[in-house]
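Fold and contact review
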Amino acid sequence: MSIVTVQLGQCGNQIGHEVFSALCSDIRGTHGLCSKKENESYRDSCKERFFCEQESGVPVARAVLVDMEPKVISQTLSMAARSGHWKYHSHSHFCQKQGSGNNWANGYSVHGPRHKEAIMDLVQKEAEKCDRLGGFFTIMSMAGGTGSGLGAFVTQCLRDAFPTSFILNHVIWPYGTGEVIVQNYNSVLTLSHLYQSSDALLVHENDVIHKICAQLMNIKQISFRDVNQVIAHQLGSVFQPTHTAGEGSGYSRNPLGDLMETLVPHPEFKLLGLRNIPQMPENSLAYSTFSWPGLIKHLRQMLIANAKMEEGIDWQVRPPHPGSSIPSTNKPLHFNTSIANLVILRGKDVHGVELGSFRDPSLYTSWLNPQDAFSAWKTPRAFNKYEKSASLVSNSQFLLKPLDSIVGKAWNMFASKAYLHQYTKFGIQEEDFLDCFTTLEQVISSYTNL
């Protein structure tokens with residue numbers, strides 16, 4: 001089944017480009033470390049998922065590019081074409097000249113309705129090229145105007161036009177110190193609207209990825225491109241083909257459907273976090289060896305201690321003892337409770353890996369059977385030059401702190417009516433803000449009470 005990617009705004013288009021580049025370099029690599037047959041079915045499965053074949057033999061990304069200013073889209077199109085390994089379709093982008101000025105209301109209330117037909121027309125064309133449409137993957141930032149406001153609008157249109165398709169929104173959480181003065185407003189508006197129309201939100205925090213670039217990748221002058229490449233690597237580690245059942249069952253048909261079925265058992269809980277290990281500069285790979293038990297042990301501790309990367313994990317955090325009926329408020333400090341977890345393993349000897357530690361009932365909320373709450377996908381095909389790698393996609397309390405902080409900051413600004421006139425002039429009223437705060441307060445309360 002195929003996935004149509006919708007890249008929205010500057011951030012969405014730049015990350016989208018890195019994602020397709022990462023997928024493409026992975027399937028072109030000879031580092032699969034697996035049988036030729038396995039490698040070929042992996043490659044075919046990836047191509048069906050993300051690319052359509054052209055007569056010229058160059059794969060074309062199944063993607064729609066949307067931005068309200070032309071610069072980034074034209075750069076993205078030409079960079080992809082220059083690579084010679086893949087490209088975007090020449091007619092699958094939409095851009096305007098004016099930008100959204102970092103104003104969510106401008107993207108949502110003005111550009112959205114004005115350009116709805118043209119944008120949805122492109123999406124419809126891409127969807128029709130798929131033999132079987134698995135769903136939509138949108139990439140956007142929360143802080144600006146186009147990605148966030150227009151992104152929320154387009155997501156609603158996707159939901160109306162394709163009521164039975166899966167929609168996964170990939171959302172970039174802004175730097176805590178902020179790039180845009182109104183980023184907390186934009187974020188609150190984006191999240192609450194996406195919560196209504198999306199199946200799940202997969203979130204990457206800029207601050208976390210920045211730390212990975214500095215501490216694990218040893219990059220001295222970190223650029224947006226460095227950050228985007230780490231994000232693309234992590235996304236690739238989830239969306240490249242895997243066996244979701246036992247060995248020999250063939251590659252999973254619909255990764256989006258499998259992801260939702262595995263991780264989103266209830267519509268109140270749809271925030272997903274992603275962790276991937278190991279991560280290191282390419283020139284260190286040759287000198288590093290990893291064992292599965294070591295990787296699994298680190299990944300599990302990253303989950304329960306809510307660590308963002310394999311360095312600096314708090315090993316003191318332990319799950320609560322089973323049978324001790326502690327009310328959820330007295331949970332051990334910093335312990336991160338999960339609703340559902342998915343571990344994805346890629347590389348050699350993958351089928352003998354012991355994952356029992358992730359089935360521990362004390363990791364999960366009490367209202368779900370731990371057997372249903374944990375899934376594992378595996379493939380012997382290595383990913384992007386890593387002999388062994390493991391990813392964790394988790395529906396847990398990962399995002400409680402950042403969410404609480406963004407809502408708190410936005411509320412303080414709202415209480416003093418700061419910058420509100422910039423939104424009301426585009427028709428977003430105070431009641432709309434209050435509705436959004438109510439939606440997110442409910443999400444915070446649900447995750448807190450796990």
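Each chain has its residues counted from 1, running along the sequence as written. Given that this is a predicted model, residues contribute local features only at a pLDDT of at least 70 and side-chain atom pairs are listed and counted only at 80 or more, while totals for whole chains, interfaces and linings are drawn from all residues. Side-chain metrics in this entry use all non-hydrogen atoms of the structure; hydrogen atoms and water are not considered.

Some words on the sheet that holds strand 1 (residues 2-8)
Spelled out, the test is: By the convention used here, strands pair only if DSSP detects at least 2 bridges between them. Numbering of helices and strands runs from the N terminus; a helix is a DSSP stretch of H or I covering at least four residues, while a strand is a stretch of E covering at least two. Between the N-to-C directions of two axes lies an angle of 0 to 180 degrees, each axis being a line fitted to C-alpha atoms and, for a helix, fitted only over the stretch in contact.
Overall, mixed pairing links the 10 strands, which are arranged 6-4-1-7-8-9-10-13-11-12 in an open sheet. Because the sheet does not close on itself, it has two edges, and the strands there are strand 6 (93-95) and strand 12 (374-379). Averaged over all neighbouring strand pairs, the angle between strand axes comes to 20°, with direction disregarded. Inspection of the sheet shows strand 11 (residues 338-347) paired to strand 12 by 6 bridges, in the parallel sense. When the sheet's bridge partners are listed, N341 is paired in strand 12 with F374.

Details of the nonpolar core
So the rule is basically this: Grouping buried Ala, Val, Leu, Ile, Met, Phe, Trp, Tyr and Cys residues that are joined through side-chain atoms within 4.5 Å yields what is termed a nonpolar core. Only protein chains enter the accessibility calculation, which uses a 1.4 Å probe. A residue is then buried if its area is under 20% of the maximum for its type, exposed if over 50%, and partly exposed in between. Contact definition: two residues touch when any of their heavy atoms are within 4.5 Å.
Ranked by size, the top nonpolar core spans 142 residues in total, and within it F239 and F358 carry the most contacts. Looking at which element gives the most residues to this core, the answer is helix 4 (residues 104-128), with 8 residues. If we ignore the near neighbours within four places in the chain, the residues touching F239 are R49, F50, F137, L168, L202, P255, L256, L259 and R346.

Observations concerning the domain arrangement of the protein
Formally: Each domain's extent is set by a domain assignment, obtained either automatically or from a database. Put simply, buried area is how much 1.4 Å-probe accessible surface two parts lose in total, over both of them, once they are put together. When a carboxyl oxygen of Asp or Glu lies within 4 Å of a side-chain nitrogen of Lys or Arg, that pair is called a salt bridge. As used in this structure description, the phrase polar contact means that two N or O atoms lie within 3.5 Å; if the pair is within protein, one of them must be able to donate a hydrogen and the other to accept it, and residues adjacent in sequence are counted only when both atoms belong to side chains. Gly counts as polar in this scheme, as do all residues outside two lists: the nonpolar Ala, Val, Leu, Ile, Met, Phe, Trp, Tyr, Cys and Pro, and the charged Asp, Glu, Lys and Arg.
Once the domains are mapped, the protein shows domain 1 (2-271), domain 2 (282-323 + 332-399) and domain 3 (401-449). Each of domain 1 and domain 2 has a C-alpha centre, and the two are 24 Å apart. Between domain 1 and domain 2, the buried area comes to about 3300 Å², and carbon and sulfur atoms account for 64% of it. By the criterion of area lost to domain 2, the three top residues of domain 1 are H233, T262 and L263, representing 17% of everything that side buries. Seen at the junction of domain 1 and domain 2, the total is 2 salt bridges. In this structure, E205 and K308 form a salt bridge, with 3.6 Å as the shortest nitrogen-oxygen distance. Linking domain 1 with domain 2 are 11 residue pairs in polar contact (both at pLDDT 80 or more), by the criterion used here. Here the residues of the side of domain 1 that touches domain 2 are counted per class, giving 22 nonpolar, 15 polar and 7 charged.

Looking at the pairing of strand 7 (residues 133-141)
To keep it simple, the criterion reads: The definition of a right-handed crossover adopted here requires that, viewed with the strands pointing away, the path from the first strand over the helix to the second runs clockwise.
Of all 9 residues making up strand 7, 8 are buried, and the element is well covered by its neighbours. As defined by bridge partners, strand 1 adjoins strand 7 across 6 bridges and the pair is classed as parallel. The partner of V6 across the bridge, within strand 7, is T138. With 7 bridges joining them, strand 7 and strand 8 (residues 166-173) adopt parallel strand pairing. Looking at strand 8, one finds that F137 is bridged to L168. The parallel pair strand 7 and strand 8, bridged by helix 5 (residues 146-161), forms a crossover whose chirality is right-handed.

Section: the sheet that holds strand 2 (residues 51-52)
An order of 2-3-5 is seen for the 3 strands of this open sheet, with the pairing classed as mixed. Sheet topology places strand 2 and strand 5 (87-88) at the edges, where each strand pairs with a single neighbour. In this sheet, strand 5 lies alongside strand 3 (residues 60-61) in parallel orientation, the contact comprising 2 bridges. By the bridge assignment, V60 is partnered in strand 5 with K87.

Notes on empty space enclosed by the protein
Our working rule: Using only the protein atoms, space was sampled on a 1 Å grid; points where a 1.4 Å probe fits but cannot get out form cavities, open sets with protein on both sides within 12 Å along at least five of seven lines form pockets, and lining residues are those with an atom within 4 Å of a point. Grid points are joined across faces, edges and corners, and a volume is the space filled by probe spheres set on the points.
The final tally for this structure, using the stated rule, is 3 cavities of 30 Å³ or more. Broken down by secondary-structure element, the contributors of at least two residues to the lining of the largest cavity are strand 9 (200-205), helix 7 (206-216) and strand 10 (271-277). Sort the elements by how many residues they give to the lining of the largest cavity and strand 10 lands first, with 4 residues. Across the lining of the largest cavity, the residue classes break down as 7 nonpolar, 4 polar and 3 charged. In terms of domain composition, the lining of the largest cavity takes at least three residues from each of domain 1 (2-271) and domain 2 (282-323 + 332-399). By volume, the second largest cavity amounts to about 50 Å³. As for the second largest cavity, its lining consists of L271, S396, Q397, L399, L400, L403 and Y447. Class assignment for the residues of the lining of the second largest cavity results in 5 nonpolar, 2 polar and no charged.

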